[in-house]
Each structure stands twice: as structure tokens, then as C-alpha cells.
Amino acid sequence: MQAVMYERFGDDSVLSLRETGIPLPARGEVQVRVRMASLNPVDFKLRSGILRMIGRPKRPAITGKDFAGEISALGADVRGYTLGQRVFGSVDPMGGQGSCAQFVALSTDLIAPTPEDLSDEAAASLPVASGTALQALTDLARLQAGQAVLISGASGAVGASAVQIARSLGARITGVCSTANVDYVRSLGAERVIDYSTEDWLQPGQHFDVVFDAAAAASFTQARPLLATAGIYINTMPRAALYWAALVARATTRQRCVPFLLKTDTALLARLAQLAAERIIVPHIQEIVDLTEVAAAQRHMQHGKVHGKLCVRVHA
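A few points on the structure. (Residues numbered from 1 in each chain as written. Predicted model: local features only at pLDDT ≥ 70, side-chain atom pairs only at ≥ 80, totals over all residues. Heavy atoms only, no water.)

### Regarding the sheet that holds strand E4 (residues 61-62)
Thinking step 1. The strand order across the open sheet formed by 3 strands is E2-E1-E4, and the pairing between neighbours is antiparallel. Each edge of the open sheet is held by one strand with a lone partner, namely strand E2 (16-19) and E4.
Thinking step 2. Here strand E1 (residues 2-6) runs beside E2; their pairing, made up of 4 bridges, is antiparallel. The residue of E2 that forms the bridge with Ala-3 is Arg-18. (Pairing = 2+ DSSP bridges. Helix = DSSP H or I, 4+ residues; strand = E, 2+ residues; numbered from the N terminus.)

### Topic: helix H7 (residues 240-252)
Thinking step 1. End to end, H7 covers 19 Å across 13 residues, agreeing with the expected 18 Å (1.5 Å per residue, within 8%).
Thinking step 2. In this structure, the buried residues of H7 make contact with helix H6 (220-223), strand E13 (227-235) and strand E14 (256-259). (Expected span 1.5 Å × (residues − 1). Contact = heavy atoms within 4.5 Å.)

### Focus on the sheet that holds E13
Thinking step 1. Read across the sheet, 6 strands follow the order E11-E10-E9-E12-E13-E14 without closing on themselves; strand pairing throughout is parallel. Of all strands in the sheet, those with a lone pairing partner are strand E11 (192-195) and E14, marking the two edges. Between one strand axis and the next, the sheet turns by 15 degrees as a mean value, whatever way the strands run.
Thinking step 2. The pairing of strand E9 (residues 148-152) with strand E12 (residues 208-213) spans 4 bridges and is parallel. Counted as the bridge partner of Val-149 is Val-210 from E12.
Thinking step 3. Strands in contact with H7 are E13 and E14; relative to E14, the strand with the most contacts, it is inclined by about 155 degrees. (Axes fitted to C-alpha atoms, helices over the stretch in contact; angles between N-to-C directions.)

### Things to note about the nonpolar core
Thinking step 1. Counting residues in each nonpolar core, the largest one holds 49 residues, and the members touching the most others are Phe-88, Leu-137, Val-149, Ile-151, Phe-212 and Ile-234.
Thinking step 2. The dominant element in this core, judged by the number of residues it contributes, is helix H4 (residues 157-169), at 7 residues.
Thinking step 3. Sequence-distant contacts of Phe-212, that is, excluding residues within four places in its chain, are made with Thr-132, Ala-133, Ala-136, Leu-137, Leu-150, Ile-151, Ser-152, Val-158, Ala-162, Ile-234 and Thr-236.
Thinking step 4. Of all hydrophobic cores here, the second largest spans 36 residues; its members include Phe-9, Met-237, Val-289 and Ala-295. (Core = buried A, V, L, I, M, F, W, Y, C linked by side-chain atoms within 4.5 Å. Buried < 20%, exposed > 50% of the residue type's maximum accessible area, 1.4 Å probe, protein only.)

Next comes the structure, spelled out in C-alpha cells:
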């Protein structure tokens, strides 16, 4: 099969389209014929090696995590799924597998059925980006109606999902984005939008129950003055300093600092599928590229030139 792979850590030049073996499903796994993949910042962060403190993918590795397609083979003891069934999910990349490939083989714990009326590109856009927003705001922050939330990177894939989820919960939303995306973020449901190029978003003049730093643009020290007495700060880029800040905050204040790590499973994917089917979450897809264009697409993403999702069409 064809796949976009890398053998060493580095910039996008280490990626190349290659022929490799088709993965076979083990016990409790399914093989999925990938129709659409989507790209996330975690893809180039893993490829570049900057997430080595979390883990290093076995190499040669296939890039990408999120996908949608249909089941092409069933491993032993698989129940509840059938050949040809449409599914979506997210690959664990540490074993070297990735979604920018014609096939993946993975546990049924990492997939869910694709709703009938949901396109493959929309389904493939959900797991990492919308999953991060959903898990952060509902499972960690337990955001409630009437609470105030500030979302940095509100025009990006994670941030836009967060605005939509917060709106559905009845929260009061302040979004942070660039000038070009102010109207877009407001259309998603933010009642106030801060243009970071003309205003210091770290001095908004109010306190928030939740600061969701989807852009990982601040530190806990910078965010603390924005938090309510028992507010929570969630950062999507775990760093050693952030873990230390979390320990200190827990010991010295009612405020909380949370370095976020996504935990993907079938239950989370099913929640995302329901929200997408109800059009509570509507992914904004900027562009669909081919496997031959993945390296360039990751480069554009790394340089901050993508707002929304980049998807990858995988041909037979």
C-alpha cells in the first residue's frame, strides 16, 4: 500500500510517499480502508521530535492520526462491526502506524461508526481536534451554563470546536484570534472576540471560570490573573514547566492548572459522532489534499497558515 512515511525526526523534508506492507488485524482489531485522513499539529510535532518527552513513534513511521473509511477485514473476536461498515477513529502512532495510508489496522477501542449523514472528511476531522475540545471543556473543566470561558486560538480546529461546544452548553464565550478571523469566531457563538494583533488578550478586564489555551500561547503564570478564584487553566501543549505549575497550584491555591493529554476511546468518538450528527460541532475544512501533498500541508500548518482542518483524500 501507499503511505506517507518518515525514518528520522526532522522537518517536512523527511516525509516521503512510499510503498509498504498492508497491516493485518490482530485479535480484537479491524482493518480499515482509509478514504479520508485529517492532519493535526500533533502530526508534525511527533515527526519533528519535539514531543519526545511523551513518546517516540517506532520508525519508519507513517504520519497522521485521524481517519475515516470502511472496514475491510475483521480480526478474531471482533463483535458489533461488519465488513464494509463506515467507521472513523484515531490511530495510536507510537507503533509506527498512521492515517496517511491506504489501510490501518487498530483496536475497536479506537473507532466508532460514522453517522449515516456525516461525510468522511467531517468524520475524519473530529477525533483529535474536536475530541480535545470536548474532553477539556466537559470532562476536565466541567463547563456549565452561565460560566465564562476564554478560548485562545478560537479560529483553529481545536478552538473552533471549543467555541461550538461551549455555545451548546450555554457558557459565556470570549474568543481570541487574528483580525482575519474575528467575524468567523463570532459566527461560531463567541459573544466577545479579542483580536490579539490589536489587543492584549491576557488583560481582558474580567475573570473566567475556564481559560482554554487551545493555542498554547501562554503560561499558567500569565493566565492566573484571568482566572476566577476557583478557575481552571487548560493548556494543550504539555511541557515540564506546566506540570510543575500544576503541582504548585494544587498545593497553594484553589485555581487549577491542567497540562492536557487527549485520551481517545470509543466512548469519546461516539459522543463526537452524536454532536456532529446534531450539527453542534461542524468542522471547518479549509482544503482537501492528496497523499503527495501531505508534506507541504504539514509545512503550511506548522507555519500557522491553516485555519480549520486540512484533510487528505486517500485513493485506492
